Structures are given as structure tokens and as C-alpha cells.
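Below, each chain spelled out in residue letters.
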Amino acid sequence: MLVIMRDRATQAEIDHVVANLKEAGAEAHLSVGEEKTIIGVIGDRGIIYNLDLEGLPGVEQVIRVLKPYKLVSRDFQPEDTVVAVRGSEVGGGALAAIAGPCSIESEEQMVAAARAVARAGATMLRGGAFKPRTSPYAFQGLGLDGLKLLRAAGDETGLPVVTELLDVRDAEQVAGHADVLQVGARNCQNFMMLEELGRMDVPVLLKRGPSTTIEELLSAAEYILKGGNRAVILCERGIRTFETYTRNTLDLSAVAALKSLTHLPVIVDPSHATGRRDLVSRMCRAGLAAGADGIMVEVHPDPEHARCDGPQSLTTNEFELLMASLDPVVGIEGKSWGSL
Ligand code: PEP
Ligand code: MN
């Protein structure tokens, strides 16, 4: 349920509604906008209806929410969420370019990738230390040693770092080294992990699962917001379809739909979506044209010898060309790169 307060409702009126809700055992989540305050209510519906909130001073309207999510919806918060990460922003007109290797392999590789993407205009650095691999025999990542290399490369280039949290038991350790925790596609509906991230004070990049619907993705994000963490970035990374030419199918209509359904920033990852280096640049441009708030791209100084996802990784030179090619699309909705 959403309680829409009147324009210029006083703080005392808002506090009074919140106090009533708390007394009834409900959670009250506030969205304080420029014009309106909206209270998202979570709790027993029968009890909340009996409170007759519509009769309280300052209340304009009480809306029943039939969707399985509310805090992530634009009905609750009409204004875009801006996620700020160490001198970089995404959302509300700020675009992210998150770039770096699929997996952290060595100091030399990480530093070369970081320097190149920083020079080309990336706003954040990525690299996987814990890799979710389809085969148990494939390279699983360098773990903690990798995290340290990523942190050092981020510090040297001044870029915030993004890395995947593969196991909820590692949450504190990974958060100690990274600025943004990525929930990989395979963990999109790992509800224990989402709840843990909801309790933490760290920005989260939530990737859509290969077969999660838009509603399921938003419900997954709702788990994080419900816990109190509102710094969530959504990522469309391709879904599984009958097509086999590409690794997945980049669902651009989901990007357009998400932009109207939610206030959270939405980015696209054409590397994992297409699995093919030759398609990445065009799909980045398409993603931004569809309204995305940024891109995530795999970049490797020597993709031929990459230990993971080489065929979809751009060379550092290709990434530089990609960034230059984005200039015309960046401004179409009045957006600009989110480096502070
Ligand atoms: C990744 O970004 O490194 C990754 C493994 O992607 P996904 O979870 O989308 O497959
Ligand atoms: Mn990868």
C-alpha cells in the first residue's frame, strides 16, 4: 500500500501517519520528493485497512498496490534514483561506463586494463575475483588475491571498482575491497543474498537472470530496498531465447519498460548478452538509445589469451573507439557521463 501525502503536508502530519503504521506493526518506507512525500507501507493488509489512514490529517490518497513490488516502483518514488559511488554517479541523467576484464588474472593484466579504460573515459572499473562458471573445471577466479589487485588498480586510476559477490558468506570481505557489489545473473533470485545486501550499506549492481521476467527482476530488487539499502543499479545482460547465434538475447524492450516502471538506474551489458566482440559496440549504442543509464563492457588487454570470456571482450583499443562512438547517443536524453 502507498500513502500519498498532500503537497505541503507538515512533518508532524507525516510523523503521525508513520507512528500509526508502526503501532499497527507495519513498516513505513518514506520517499521524500520535491513535491510530495509518499509512504510505502509493508505489513498485514487487513490491519492496515482498519487504520483508516485516508482520514488522517495531511493524507491525500491511499493506493492499494497489486504488483509484488512497491519500493522500487515509480509510483513510490517518481524521481530517478542516483547511485553515487566514490566520485562517480549513475542515474538521473548520469551515465555509467563500467569496463574491465571478465576475470582478474594478474597484476599486469589488471593494471593494463584499468589504465586503458580510465584513459578512454570509463566511469567505473570491473573485474571478477569469484567467477560463476558453467563448468566446475573452468578457471574460478583468483579470489581474495584478485580482489586486492582490483582494489589497487582502482586506486591507481581513481575509478570505483565493481566485482561480483558469488557467495553471501563472503559479503563483508568483498565489500571491504569493492565499491559496488555485483549480483550475477545466476544469483538474481538468491533471496538470502538479496536480503543480506539489503542490510548492508553498499551499492549493488543486480543483473537480470537469464530467465527472470521483468517483474521477477523488480521483485528481486525489492528485497534489497526492503532491507533499507536503496543504492541498486539494474543490469539487463541478455536472456535465454531460442536464438543460438548470440550467447543470449539483449532484451532492449526490458530496458525501456524498466525505465518507466522503476526509478532505479538501468544499464546494459552487451558483452554477456551477445557473447561476440563484433556486436558489442552497436548494442551499447542501442542500449543507450533505449534509455539505459549506462553500459557494462568486458575489456581485456589481450583477449585471445583471456582465461574467461575472451571472444566477447574488446581490446583496449576497441574500447577507446567504442567510447568515442557513443558521443552522439550520450546526449539524446540530455544525459552525460557520470564522473564527478
Ligand atoms: C560477469 O559480469 O562477470 C558475469 C558473470 O555476468 P553474468 O552474471 O551476467 O553472467
Ligand atoms: Mn564474463
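Since we're looking at a predicted model, the values are computed, not measured. Every chain is numbered on its own, with residues counted from 1 as its sequence reads. To read the labels, note that chains go from A and ligands from 1, taken in the order they are written. In view of the model being predicted, local features appear only for residues whose pLDDT reaches at least 70, and side-chain atom pairs are presented and counted only at 80 or more, with totals across whole chains, interfaces and linings using the full set of residues. Working from all heavy atoms in the structure, the side-chain values ignore hydrogens and water.

1. Things to note about the overall build of the chain
Alright, step 1. A tally of helices and strands in the chain yields 12 helices and 15 strands.
Alright, step 2. Against the compact-globule benchmark of 20 Å for 340 residues, the chain has a radius of gyration of 21 Å, which places it among compact chains.
Alright, step 3. Here the chain holds 340 residues, and the buried ones make up 54% of them.
Alright, step 4. Across the chain, the fraction of contacts at a sequence separation of at least 24, relative to all contacts at a separation of at least 6, is 70%.
Alright, step 5. Under the convention used here, a 1.4 Å probe and the Shrake-Rupley method define accessible areas, while residue burial counts only the protein chains that appear. For the chain, the exposed area adds up to about 14,600 Å²; of that, 50% sits on carbon and sulfur atoms.
Alright, step 6. Charge convention: Lys and Arg are scored as positive, Asp and Glu as negative, and His as well as the terminal groups of each chain are ignored. Every charge is mapped to an atom, namely NZ of Lys, CZ of Arg, CG of Asp or CD of Glu. Measuring between centres, the 34 positive side-chain charges of the chain sit 3 Å from its 46 negative side-chain charges. Numbering of helices and strands starts at the N terminus; helices are DSSP runs of H or I of at least 4 residues and strands are runs of E of at least 2. Computation of the radius of gyration draws on C-alpha atoms, with the globule rule given as 2.2 Å multiplied by the number of residues to the power 0.38. Partly exposed describes any residue whose relative accessible area lies between the buried limit of under 20% and the exposed limit of over 50%, with all areas from a 1.4 Å probe on protein chains only and scaled to the type maximum. In what follows, a contact means two residues having at least one pair of non-hydrogen atoms within 4.5 Å.

2. Description of the domain arrangement of the chain
Alright, step 1. These domain boundaries are the output of an automatic or database domain assignment. The domain boundaries assigned to the chain delineate domain 1 (2-63) and domain 2 (83-337).
Alright, step 2. Between domain 1 and domain 2, the C-alpha centre-to-centre distance is 36 Å.

3. Points about empty space enclosed by the protein
Alright, step 1. Here a cavity denotes a set of grid points, spaced 1 Å apart and computed over the protein atoms alone, in which a 1.4 Å probe fits but from which it cannot get out, and a pocket denotes an open set meeting protein on both sides within 12 Å along at least five of seven lines; residues with an atom within 4 Å of a point are reported as lining. Grid points are joined across faces, edges and corners, and a volume is the space filled by probe spheres set on the points. Inspection of every chain in the model, using the stated rule, returns 1 cavity of 30 Å³ or more.
Alright, step 2. Lining the largest cavity, in full, are Leu95, Leu288, Ala292, Val329, Val330, Ile332, Glu333 and Lys335.
Alright, step 3. Lys, Arg, Asp and Glu make up the charged group, whereas Ala, Val, Leu, Ile, Met, Phe, Trp, Tyr, Cys and Pro make up the nonpolar group; the residues left over, Gly among them, are polar. Partitioned by chemical class, the residues of the lining of the largest cavity number 6 nonpolar, no polar and 2 charged.

4. Details of unusual backbone geometry
Alright, step 1. The phi angle at Arg8 is positive, at roughly 60°, despite the residue not being glycine.
Alright, step 2. You can see Arg8 is positioned in the loop between strand S1 (2-5) and helix H1 (11-23).

5. So, the pattern of salt bridges
Alright, step 1. Salt bridges are defined by distance alone: a side-chain nitrogen of Lys or Arg within 4 Å of a carboxyl oxygen of Asp or Glu. This structure, assessed with the given rule, holds 21 salt bridges.
Alright, step 2. Of the charged contacts in the structure, one is a salt bridge between Asp80 and Arg74, with a shortest N-O distance of 2.7 Å.
Alright, step 3. Relative accessible area serves as the criterion here: at 31%, Asp80 is assigned to the partly exposed category.
Alright, step 4. For the salt bridge of Glu236 with Arg208, the shortest nitrogen-to-oxygen distance reads 2.8 Å. With a gap of 28 residues between them, Glu236 in strand S12 (residues 232-236) and Arg208 in the loop between strand S11 (204-207) and helix H7 (214-226) connect regions that are remote in the sequence.

6. Quick word on the site of ligand 1
Alright, step 1. Whether a residue is near a molecule or strand is decided by its heavy atoms; if any one of them lies within 4 Å of it, the residue is near. Residues in close proximity to ligand 1 include Arg126, Lys131, Pro132, Glu164, Gln182, Gly184, Ala185, Arg186, Lys207, Arg237, His272 and Glu298, which together make up its full environment.
Alright, step 2. For the purposes of these results, a polar contact is taken to be a pair of N or O atoms within 3.5 Å, where, inside protein, one atom must be able to donate a hydrogen and its partner to accept one; residues adjacent in sequence count only when each atom of the pair is a side-chain atom. Within the backbone of Ala185, an N or O atom sits 2.8 Å from an oxygen atom of ligand 1.
Alright, step 3. Within the side chain of Arg237, one N or O atom sits 2.6 Å away from an oxygen atom of ligand 1.
Alright, step 4. Looking at the shell around ligand 1 residue by residue, the classes come out as 2 nonpolar, 3 polar and 7 charged.

7. Some details on the environment of Val297
Alright, step 1. Mapped onto the fold, Val297 is located in strand S14 (residues 294-298).
Alright, step 2. Separated by 198 residues in the primary sequence, Val297 and Ala99 place their C-alpha atoms 4.9 Å from one another.
Alright, step 3. Excluding residues that lie within four positions of it along the chain, Val297 makes contacts with Ile98, Ala99, Gly100, Arg126, Ser271, Val280, Cys284, Leu314, Phe319 and Leu322.

8. Some points on the coordination of the manganese ion (ligand 2)
Alright, step 1. Metal coordination here is assigned from N, O and S atoms located within 2.8 Å of the ion, or within 3.2 Å for Na, K and Ca; omission of water means that sites may look incomplete. Only Cys102 (SG), His272 (NE2), Glu298 (OE) and Asp309 (OD) from the protein coordinate the manganese ion (ligand 2), and they sit 2.0 to 2.4 Å from it.
Alright, step 2. Considered as a linear motif, the donors of the manganese ion (ligand 2) on their single chain read C-x169-H-x25-E-x10-D. One end of the pair, Cys102, is in the loop between strand S7 (94-100) and helix H3 (107-120); the other, His272, is in helix H9 (residues 270-274), and 170 residues separate them in sequence. For the pair Cys102 and His272, one class covers both residues: buried.

9. A word on the sheet that holds strand S3 (residues 37-42)
Alright, step 1. Whether two strands pair depends on DSSP finding at least two bridges between them. What the 4 strands build is an open sheet, ordered S2-S3-S1-S4; its pairing is antiparallel. Looking at strand neighbours, the two that pair on one side only are strand S2 (27-32) and strand S4 (59-63), the edges of this open sheet. Taking the axes of each pair of neighbouring strands and ignoring which way they run, one obtains an average angle of 20° across the sheet.
Alright, step 2. As defined by bridge partners, S2 adjoins S3 across 6 bridges and the pair is classed as antiparallel. Bridge pairing in S3 places Glu27 opposite Ile42.
Alright, step 3. Helix axes are fitted only over the stretch in contact, all axes being lines through C-alpha atoms; the angle between N-to-C directions runs from 0 to 180 degrees. The strands touched by H1 within the sheet are S1, S2, S3 and S4, with S3 carrying the most contacts at an inclination of about 0°.

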